[in-house]
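# Structure at a glance
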Amino acid sequence: MDPVGIAAGAGPGAAWQGKCPWGAPNTTSMSCSLADVMSEQLAKELQLEEENAAFPEVVAVAEGPFITGENSDTSSDLMLAQMLQMEFDREYDAQLRREEKKINGDSKVSISFENYRKVHPYDSDSSEDEVDWQDTRHDPYRADKPTTTPRRGFIGKGKDITTKHDEVVCGRKNTARMENFAPEFQVGDGIGMDLKLSNQVFNALKQHAYSEERRSARLHEKKEHSTAEKAVDPKTRLLLYKMVNAGTLETITGCISTGKESVVFHAYGGISAIEDKVIPAECAIKVFKTTLNEFKNRDKYIKDDYRFKDRFSKLNPRKIIRMWAEKEMHNLTRMQHAGIPCPEVVMLKKHVLVMSFIGQDQVPAPKLKDVTLSSEDMKNAYYQVLNMMQQLYKECNLVHADLSEYNMLWHDGKVWLIDVSQSVEPTHPHGLEFLFRDCKNVSQFFQKGGVAEALNERELFNAVSGLNIAADNEVDFQEEIEALEKRNEDHVQNHGKKQSMFSSNGDPPIYDE
């Protein structure tokens, strides 16, 4: 070791301390007043200096190109984390692009991983809450406004003249007019397509759109103003509310039966406003459906009934439904006076008929077709039905016209008749035909049930009506019935009043000319 160098290296204490890394640093005391310490401006300047020292290039990261180690200060941990994250995102997006290219290949239908990319081409700081894309000027779904034709009817000059009847112009106008169709009418998506609709196609689509709109309105009106399956329309619901509020009904529990013509609900009876009127503990509410489909072919039961003939109007079919409910009320009243087991009428409001409930504890009595009876009960039921048919014909002057095991209930060991809205008098132009049909249904049911004493349909018809019609077969028998009905109808047209179809001695009716 050179002693000269060592000697030269040894110097005064101040020089040695300045070069020695273990030396104490020179501290210069700065004098400041209390006012400078309490100054807010000085505090803000100091804070700004610290932030600039910690985050020197934050703005450059957001706005400038990718930051590398050459043009940025990497002393900040936040800056390093941002740089690493951005590099990772770029590598991830490159991997996604390679996967897209590998999967799609030369296929015309391609898939995209755009939603999985980390770095998107648009500004990621934009918020959907700030601007709605549908409110912008560049709405891709907004139809382009077609070029208007001036009042003179053409544009251009010479060979370049274009009139308002030009096929291309009209086609584009028709495409733009499709946006005026109802929202329910699907017109499709034509973004980026120069669609041209001919006048013929546009007019057909326009007519179809209007037809669908009217049909939708009709269906909505029909649903709002008619009773549907197990439901009631607002007017019917209002009638039921009034019955409950008036105390006639205590509560309505629910639906117990549905049919082609009506819906039956169960209800608990209340207190009647009439002193002598007693409301049963359980009631059945029969709501006749106000839809007209089921009543179009059933006017023959009411238009020839002299009780309703003057009030029948085919031009106002909704009145027919109210008359149908009124007809059942009158028929039930006749049967009740004759002592035939049937529901008791409580009240009638328009197309809502309240009757006594056949059953117990909200459980309706079973139909005759659903109940299993012993041979003795079946025989007893047959004689009950035969007796009721004779009473209905002779005492009530009615023909059920729809009598079968579906319209007879078995309750407390007795057969009860229901659904007499279509019942007519024997003097009806088709009354005897309806009676023969009822006899045929009853005879077939009890013969299948094992009742040996059950009469056939022709014998049962003569037993019920008292008409001794003799015929070897069913065809001749029906011809005799039609001849009797024809004679009765001619008598009505000549004399203006109907004659009873049965006499006391059982002979065919005799018409006095």
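Values in this document were obtained by computation on a predicted structure and should not be read as measured data.

Secondary structure assignment for the chain yields 14 helices and 11 strands. For the chain, with 513 residues in total, the buried portion stands at 33%. Considering only intrachain contacts with a sequence separation of at least 6, the fraction spanning at least 24 residues in the chain is 56%. For the chain, the accessible surface area stands at approximately 34300 Å², while carbon and sulfur atoms represent 51% of it.

Time to look at the pattern of salt bridges. Should the charged atoms of two oppositely charged side chains come close, the side chains can pair. Inspection of the entire model under this criterion finds 7 salt bridges. Measuring nitrogen to oxygen at the nearest pair gives 3.0 Å for the salt bridge that ties lysine 286 to glutamate 328. Residue lysine 286 is found in strand β5 (residues 282-288), and its partner glutamate 328 is found in helix α10 (residues 317-337); the two are separated by 42 residues along the sequence. For the pair formed by lysine 286 and glutamate 328, the shared burial category is buried. Here glutamate 474 ties to lysine 440 by a salt bridge, and the two come within 3.3 Å at their closest N and O atoms. With glutamate 474 in helix α14 (residues 474-495) and lysine 440 in helix α12 (residues 431-448), this residue pair connects regions lying 34 residues apart in the sequence. Among the residues examined, glutamate 474 registers a relative accessible area of 26% and is labelled partly exposed. Lysine 440 sits in the partly exposed class, given a relative accessible area of 29%. One continuous salt-bridge network, built from bridges that share partners, spans Lys286, Glu328 and Asp419.

The next thing to look at is a nonpolar patch on the surface. A contiguous nonpolar patch, built from Phe88, Tyr92 and Tyr116 and spanning about 340 Å² of accessible area, is present on the exposed surface. When you line up the elements, phenylalanine 88 lands in helix α6 (residues 77-104).

Their axes nearest at 8 Å, the elements helix α11 (residues 375-394) and helix α13 (residues 457-465) cross at an angle of 50°. By the criterion of interaxial angle, the relationship of α11 to α13 is oblique. Along the contact surface, α11 presents Tyr382, Leu386, Met389, Gln390, Tyr393 and Lys394, while α13 presents Leu460, Ala463, Val464 and Ser465. When grouped by side-chain class, the residues that make up the contact of α11 with α13 number 7 nonpolar, 2 polar and 1 charged.

The next thing to look at is a negative patch on the surface. Residues Glu433, Asp472, Asp476, Glu479, Glu480 and Glu482 make up a contiguous surface patch of negative charge. In terms of residue count, α14 provides more of the negative patch than any other element does, 4 residues in total. Within the element layout of this structure, glutamate 480 appears in helix α14.

Turning next to the packing of aromatic side chains. Scanning the model with the defined rule gives 8 aromatic pairs in all. Ring geometry for phenylalanine 445 and phenylalanine 446: centres 5.1 Å apart, planes at 80°, overall edge-to-face. The pair phenylalanine 445 / phenylalanine 446 is uniform in exposure class, with both members buried. Chaining the aromatic ring pairs together yields one cluster made of Tyr382, Tyr383, Phe445 and Phe446.

With that settled, consider unusual backbone geometry. Its identity as a non-glycine residue notwithstanding, lysine 350 has a phi of 55°, on the positive side. Structurally, lysine 350 can be placed in the loop between β6 (345-349) and β7 (352-356). Overall, the relative accessible area of 47% leaves lysine 350 in the partly exposed class.

Turning to the sheet that holds β6, a few remarks are in order. In space, the 5 strands of this open sheet follow the order β3-β4-β5-β7-β6, with antiparallel pairing throughout. Edge positions in the open sheet fall to β3 (249-258) and β6, since each of these has one partner strand only. On average, each strand axis in the sheet is inclined to that of its neighbour by 25°, with strand direction left out of account. In this sheet, β7 lies alongside β5 in antiparallel orientation, the contact comprising 5 bridges. In the sheet register, isoleucine 285 faces β7, and the bridge partner there is valine 354.

The subject of this paragraph is the nonpolar core. In this structure, Met335, Ile340, Val385, Met389, Leu435, Phe446 and Phe461 are the most contacted members of the largest nonpolar core, which totals 53 residues. For this core, the leading source of residues is α11, giving 9 residues. Of the residues that make up this core, three or more belong to each of domain 2 (231-364) and domain 3 (366-498). If we ignore the near neighbours within four places in the chain, the residues touching phenylalanine 446 are Leu368, Met378, Ala381, Tyr382, Val385, Val451 and Ala454. Met243, Phe265, Val346 and Val354 belong to the second-largest nonpolar core, a separate cluster that totals 16 residues.

Our focus in this paragraph is helix α7 (residues 167-177). Of the positions making up α7, those classed as buried are Cys170, Gly171, Lys173, Asn174, Thr175 and Ala176. Between the side-chain oxygen of the N-cap and the backbone nitrogen of valine 168 there are 3.1 Å, and the N-cap of α7 in question is aspartate 166.

Summing up the model confidence of the chain, the mean pLDDT is 76 and the portion of residues at 70 or higher is 68%. Note that residues 1-17 has pLDDT below 50 and, in this model, 3 contacts with residues that lie over four places away or in other chains. Note that pLDDT drops below 50 for residues 121-137; the model gives that stretch 8 contacts with residues more than four away or on any other chain.

Scoring rules and cut-offs
Residues numbered from 1 in each chain as written. Predicted model: local features only at pLDDT ≥ 70, side-chain atom pairs only at ≥ 80, totals over all residues. Heavy atoms only, no water. Helix = DSSP H or I, 4+ residues; strand = E, 2+ residues; numbered from the N terminus. Buried < 20%, exposed > 50% of the residue type's maximum accessible area, 1.4 Å probe, protein only. Contact = heavy atoms within 4.5 Å. Areas by Shrake-Rupley, 256 points an atom, 1.4 Å probe, with all protein chains shown as cover. Salt bridge = Lys/Arg side-chain N within 4 Å of Asp/Glu carboxyl O. Patch = residues over 30% accessible without salt bridge, like charges linked within 9 Å, V, L, I, M, F, W, Y side chains within 5 Å. Axes fitted to C-alpha atoms, helices over the stretch in contact; angles between N-to-C directions. Parallel < 35°, antiparallel > 145°, perpendicular 65-115°, else oblique. Nonpolar A, V, L, I, M, F, W, Y, C, P; charged D, E, K, R; others polar. Lys, Arg positive; Asp, Glu negative; His and termini not counted. Charge placed at Lys NZ, Arg CZ, Asp CG, Glu CD. Phe/Tyr/Trp six-rings, centres within 6.5 Å; stacked < 30°, edge-to-face > 60°. Pairing = 2+ DSSP bridges. Core = buried A, V, L, I, M, F, W, Y, C linked by side-chain atoms within 4.5 Å. Domains from an automatic or database assignment. Polar contact = N/O pair within 3.5 Å; in protein donor to acceptor, adjacent residues only side chain to side chain. pLDDT = per-residue confidence, 0-100.

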